[in-house]
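Structural description and commentary
Chain residues, written in single-letter form:
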Amino acid sequence: MTATPRFLVIEGIDGCGKSTQVERLAGRHGWLATREPGGTALGGAIRALLLHGTEAPTPLAEALLMAADRAHHVTTVVRPALEAGTTVLSDRYASSTVAYQGYGHGRDLEQIAAINAIATDGLVPEMTILLDLPVADAAGRRGGDPDRLESLDVAFHERVRSGYLAQAAASPDRWTVIDATQDLAEVSAAVDEALGLP
Ligand code: TYD
């Protein structure tokens, strides 16, 4: 009997080490690794507009573009994979829009929830792993060429971090917070434990 496919998400501020964990887990377990924004060809174009476009979108336009990416991603990638019996691990999901556009930019959280409800069509991850670390630590780990959101000030990223912690505190059964200041082996072990992996 095959195990029930799971929809798992990994979240955190820029530079928290998500990509390393996604690569490790997907490679080891044969899961589908995907991401938002940019998990589809259309999403790749939306991602380029959002992060490297010539004109910064308004915060509402930013939230709606993230949601358009998500709606397309959920329908064309995530749901079909789950239906085919594949576990899906997404680098960011709706909780990023709550953290960045809601807490970071200060958009109304109920409005963000309504936008997310449309975009996800009710698909909620079984578990979201939050790799949490102080903003200064994360900034030190990021590469040299920051995208538009990475270039925003420390206060923005502090609000994003607190937005993640608030979401995790509100749904402890669906979120696990991991101290990402630990070394890689310790973070990996904590992630495995949170997901019930050997
Ligand atoms: P990410 O892919 O993690 O960046 P990188 O590949 O550089 O590590 O995320 C891209 C950026 O998009 C990141 O700054 C967070 C932002 N973002 C939002 O603001 N809202 C969202 O809903 C999502 C999914 C991402």
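For the structure itself, consult the block above.
The structure reproduced in this document is the subject of the present report. (Residues numbered from 1 in each chain as written. Predicted model: local features only at pLDDT ≥ 70, side-chain atom pairs only at ≥ 80, totals over all residues. Heavy atoms only, no water.)

A look at the site of the ligand
Of all residues adjacent to the ligand, which total 17 residues, the nearest are Asp-14, Lys-18, Arg-92, Thr-97 and Gln-101. Taking Thr-97, its side chain carries an N or O atom lying 2.5 Å from an oxygen atom of the ligand. Glu-150 is positioned such that a nitrogen or oxygen atom in its side chain is 3.3 Å from an oxygen atom of the ligand. Protein burial of the ligand: of its 550 Å² of free accessible surface, 89% is covered by the chains. The leading source of residues in the shell around the ligand is helix α4 (residues 94-104), at 4 residues. (Near = heavy atom within 4 Å. Polar contact = N/O pair within 3.5 Å; in protein donor to acceptor, adjacent residues only side chain to side chain. Areas by Shrake-Rupley, 256 points an atom, 1.4 Å probe, with all protein chains shown as cover. Helix = DSSP H or I, 4+ residues; strand = E, 2+ residues; numbered from the N terminus.)

Comments concerning the pattern of salt bridges
In total, this model carries 10 salt bridges according to the counting rule given. With a shortest N-O distance of 2.5 Å, Glu-36 and Arg-70 are connected by a salt bridge. Of this pair, Glu-36 sits in the loop between β2 (32-35) and α2 (41-52) while Arg-70 sits in helix α3 (residues 59-83); the two residues are 34 residues apart in sequence, bridging distant segments of the chain. Its salt-bridge partner being Glu-62, residue Arg-148 comes within 2.9 Å of it at the nearest N-O pair. Here Glu-62 lies in helix α3 and Arg-148 lies in the loop between α6 (135-141) and α7 (154-170), a separation of 86 residues in the sequence. In this pair, the class of Arg-148 matches that of Glu-62, namely buried. (Salt bridge = Lys/Arg side-chain N within 4 Å of Asp/Glu carboxyl O. Buried < 20%, exposed > 50% of the residue type's maximum accessible area, 1.4 Å probe, protein only.)

Considering the packing of helix α1 (residues 18-29) against helix α8 (residues 184-194)
Where α1 contacts α8, the two axes come as close as 11 Å, and the packing angle between them is 55 degrees. Put simply, α1 runs oblique to α8. Regarding α1 and α8, the two cross each other, and that crossing is right-handed. Across the interface between the two elements, Thr-20, Gln-21, Arg-24, Leu-25 and Arg-28 from α1 touch Leu-184, Val-187, Ser-188, Val-191 and Asp-192 from α8. (Axes fitted to C-alpha atoms, helices over the stretch in contact; angles between N-to-C directions. Parallel < 35°, antiparallel > 145°, perpendicular 65-115°, else oblique. Left-handed = near helix turned anticlockwise from the far one by under 90°. Contact = heavy atoms within 4.5 Å.)

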